[in-house]
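Structural characterization, general
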Amino acid sequence: MFILILGAPGSGKGTQGQILAQRLEIPKITTGDLLREAMKAGTPLGKDAKSYYDAGKLVPDAVILGLIKDQLARPEAANGAVLDGFPRTAAQAELVDRTFAERGQRLNHILLLDVTEEELITRLQGRALQEGRTDDTPETIATRLAVYQRDTAPLIAHYAQRGNVRRVPGSGSVEEIAEEIKRIIGR
Ligand code: B4P
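1. Some remarks on the site of the ligand
Contacts to the ligand come from 30 residues, most closely from Gly14, Thr31, Lys57, Arg127 and Arg144. Ser11 places a polar main-chain atom, nitrogen or oxygen, 3.4 Å from an oxygen atom of the ligand. A distance of 3.5 Å separates a nitrogen atom of the ligand from a polar side-chain atom of Arg123. Within the residue set of the shell around the ligand, elements represented by two or more residues are helix H1 (13-24), helix H2 (31-41), helix H6 (117-131) and helix H9 (174-185). Sort the elements by how many residues they give to the shell around the ligand and H2 lands first, with 4 residues. When grouped by side-chain class, the residues that make up the shell around the ligand number 10 nonpolar, 11 polar and 9 charged.

Rendered as structure tokens:
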């Protein structure tokens, strides 16, 4: 089963993706985590990504497309995965769509975590205090929310045209939202 989680920064994609992947015993592919690991390890990918990441901008497709391609090609992800944090641009969506079409597979569920901007800002500021992530400063949070509206939100329409996007109210407790996702997916 392949599940795509869409949502603004701080909407809980990572949080819910983790719960979902554990419950379904499938891998989770999270571009944000992969970038953070690469930056920590100082790999060429991490070095390419760092200035964009720290500024709250999208890391260019030229860097990300190869990463997504490699991750989707992993044998563990041959029959199921939770996709979290991508696609974020039209080019990334095109790559994902093409990969699944070539494999004769499809995204079984597309979930959109729907959270108000006020709540997003509160959560990201809370995470800044707890984790000190370099992209959770007030200026960067504002940039990330604007970039989401400009580049990523249009993808909702792209997937909604196919009629299989489910909007999940993302403002309850982590457990309540996880329960709602379980209900939608049916397992
Ligand atoms: P991501 O790592 O994807 O960061 P995010 O959008 O902030 O995370 P998410 O929505 O998963 O929030 P989380 O569950 O952690 O991206 C970071 C950066 O990486 C981007 O800005 C970009 O530079 C780069 N990047 C990543 N993918 C890319 C791509 N494909 N293309 C280009 N660039 C890319 O939740 C946030 C907080 O809320 C947490 O503290 C959590 O504990 C809390 N929370 C979650 N659910 C809650 C709930 N129900 N109630 C209260 N708090 C909750």
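There's more to say after this.
2. Overview of the sheet that holds strand S5 (residues 165-169)
Ordered by their spatial adjacency, 5 strands build an open sheet running S2-S3-S1-S4-S5, and the pairing between neighbours is parallel. Each of the sheet's edge strands pairs with one partner strand only, and the pair in question is strand S2 (28-30) and S5. Ignoring strand direction, the axes of neighbouring strands in this sheet form an average angle of 20 degrees. Two strands pair when backbone bridges link them, and strand S1 (residues 2-7) and strand S3 (residues 81-84) are joined in this way by 4 bridges, in the parallel orientation. When the sheet's bridge partners are listed, Ile5 is paired in S3 with Asp84.

Rules used in this analysis
Residues numbered from 1 in each chain as written. Predicted model: local features only at pLDDT ≥ 70, side-chain atom pairs only at ≥ 80, totals over all residues. Heavy atoms only, no water. Near = heavy atom within 4 Å. Polar contact = N/O pair within 3.5 Å; in protein donor to acceptor, adjacent residues only side chain to side chain. Helix = DSSP H or I, 4+ residues; strand = E, 2+ residues; numbered from the N terminus. Nonpolar A, V, L, I, M, F, W, Y, C, P; charged D, E, K, R; others polar. Pairing = 2+ DSSP bridges. Axes fitted to C-alpha atoms, helices over the stretch in contact; angles between N-to-C directions.

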